[in-house]
Number of protein chains: 2
Amino acid sequence: MELQEKLHNKGLRLTQPRREVVAILNAAASPLTPQSIYQRSVERKSDIGLVSVYRTLELLSELNLVRRVHGRDGCHGYVLASPGHHHHLVCRKCGKAVEFSGSADLSEFITKIQKETGYKINEHILQLYGICPKCQEERQ
Amino acid sequence: MELQEKLHNKGLRLTQPRREVVAILNAAASPLTPQSIYQRSVERKSDIGLVSVYRTLELLSELNLVRRVHGRDGCHGYVLASPGHHHHLVCRKCGKAVEFSGSADLSEFITKIQKETGYKINEHILQLYGICPKCQEERQ
DNA sequence: TCCTTATTGAAAATGATTTTCAATAAGGAA
DNA sequence: TTCCTTATTGAAAATCATTTTCAATAAGGA
């Protein structure tokens, strides 16, 4: 497994709380805040400390196994990252998020901006918001 | 003036603290946090309350006169918004941010993602990071 | 099974943001 | 200009998120 390996390479251990956070993120349909991850662990009776949730998220971010997703208002949630560079599309109604990879399509656009501004661009955050298919149906 | 009008329409007043926050954002070269806006007001001896900074930023956001800019780590800073839909390009070294408008160039990309995912996309956040021309020179 | 040491969790510390409320000042009316 | 109403302010307290501390625990190699 990805996680197992990456931890091992750094002399870190695969502990209960770490498994738990990954499991919860895995089961989640939308980005979760540290608080809500903690809450779910209480519900699941795995009951890990909130502090460990924070620490685990920080670790998983460093390992690129988790991505921070930005809301326009209340900021960060976390989602499990698929390998490679991805972006998120979040439903306004139900909060469900899907990943999509669009770097290729953006690169032309980014090159253009580089020329216009003189900046050397080496990273980007793109986040889309909309209504998912299911919620579109329910509207009617 | 924009601000004057918009406030008036809502029966709100153009007060000293509000002028001050706008003036500080106007003079800023990069996104400012509420804390740093407050600090600058102390330096300028205008000395408005931190609470008013928060309240003013919230108000200006509602009026679309200010935009919240996201960092990948420590989240929000605020910049004065130019009219229309804009994005930000932030320098990693000095923090200087420039605005650019790229909605037109993105629309094709967004349409494609809509088709792929079935989502109805109606908003997006795009933020680019890089090194500004000045900082590129200093590197050498 | 034992032993080393990374990791945990509770509590305290810190920091950001919001709420409360009496005092103040914006700006329309006289 | 002056007065009066009421939106707004600022200080302090309350709240909420996040980080630090540290003794107790548990991973996992020997």
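Now for a description of the structure that goes with this document. Only a predicted model underlies this, so the values are computations on that prediction, with no experimental measurement involved.

Brief notes about the relation of the copies chain A and chain B
Argument step 1. Least-squares fitting of chain A to chain B yields an RMSD of 0.2 Å, with the superposition described by an axial translation of 0.0 Å and a rotation of 180°. Overall, the copies show the geometry of a two-fold rotation axis. Measuring from the rotation axis to each C-alpha of chain A, the shortest distance belongs to Leu126(A), at 2.2 Å.
Argument step 2. Mapped onto chain B, 100% of the interface residues of chain A again fall at the interface, so both copies present the same surface.

Examining the protein's contact with DNA strand D
Argument step 1. Near DNA strand D, the surroundings consist of 20 residues, among which Tyr54(A), Thr15(B), Arg18(B), Ser52(B) and Arg55(B) are the closest.
Argument step 2. Among atoms of DNA strand D positioned within 4 Å of the protein, sugar and phosphate together represent 65%.
Argument step 3. Between DNA strand D and the protein, one listed contact pairs a phosphate oxygen with a side-chain N or O atom of Arg18(B) at 2.5 Å.
Argument step 4. With respect to DNA strand D, the backbone of Gly49(B) contributes an N or O atom lying 2.9 Å from a phosphate oxygen.
Argument step 5. When contributions to the surface near DNA strand D are tallied by element, the ones reaching two or more residues are helix H3 (34-43) and helix H4 (50-62) of chain A together with helix H2 (16-27) and helix H4 (50-62) of chain B.
Argument step 6. Among the residues making up the surface near DNA strand D, the classes are represented as eight nonpolar, six polar and six charged.

Quick word on the interface of chain A and chain B
Argument step 1. Listed as interface residues are 40 residues of chain A and, on the opposing side, 40 residues of chain B.
Argument step 2. Summing both partners gives a buried area of about 3,400 Å² for chain A against chain B, and 62% of it is carried by carbon and sulfur.
Argument step 3. The largest contributions to the chain A side of the interface with chain B come from Phe109(A), Tyr119(A) and Ile125(A), which together make up 20% of the buried area.
Argument step 4. Where chain A packs against chain B, one counts zero salt bridges.
Argument step 5. Counting across the chain A and chain B interface gives eight residue pairs in polar contact (both at pLDDT 80 or more).

Some details on the pattern of salt bridges
Argument step 1. Overall, the coordinates contain four salt bridges over all chains when judged by the stated rule.
Argument step 2. Residues Arg44(A) and Glu20(A) are paired through a salt bridge, measuring 3.0 Å at the closest nitrogen-oxygen approach. Within this pair, whereas Arg44(A) is found in the loop between H3 and H4, its partner Glu20(A) is found in helix H2 (residues 16-27), the two being separated by 24 residues in sequence.
Argument step 3. Glu116(B) serves as the salt-bridge partner of Lys112(B), at 3.7 Å between the closest nitrogen and oxygen. You can see Lys112(B) and its partner Glu116(B) sitting in helix H5 (residues 103-117), four residues apart, about one turn around the helix.

Rules used in this analysis
Residues numbered from 1 in each chain as written. Chains lettered and ligands numbered in written order. Predicted model: local features only at pLDDT ≥ 70, side-chain atom pairs only at ≥ 80, totals over all residues. Heavy atoms only, no water. Least-squares fit on C-alpha atoms with pLDDT ≥ 70 in both. Contact = heavy atoms within 4.5 Å. Near = heavy atom within 4 Å. Polar contact = N/O pair within 3.5 Å; in protein donor to acceptor, adjacent residues only side chain to side chain. Helix = DSSP H or I, 4+ residues; strand = E, 2+ residues; numbered from the N terminus. Nonpolar A, V, L, I, M, F, W, Y, C, P; charged D, E, K, R; others polar. Buried area = accessible area lost by both parts, 1.4 Å probe. Salt bridge = Lys/Arg side-chain N within 4 Å of Asp/Glu carboxyl O.

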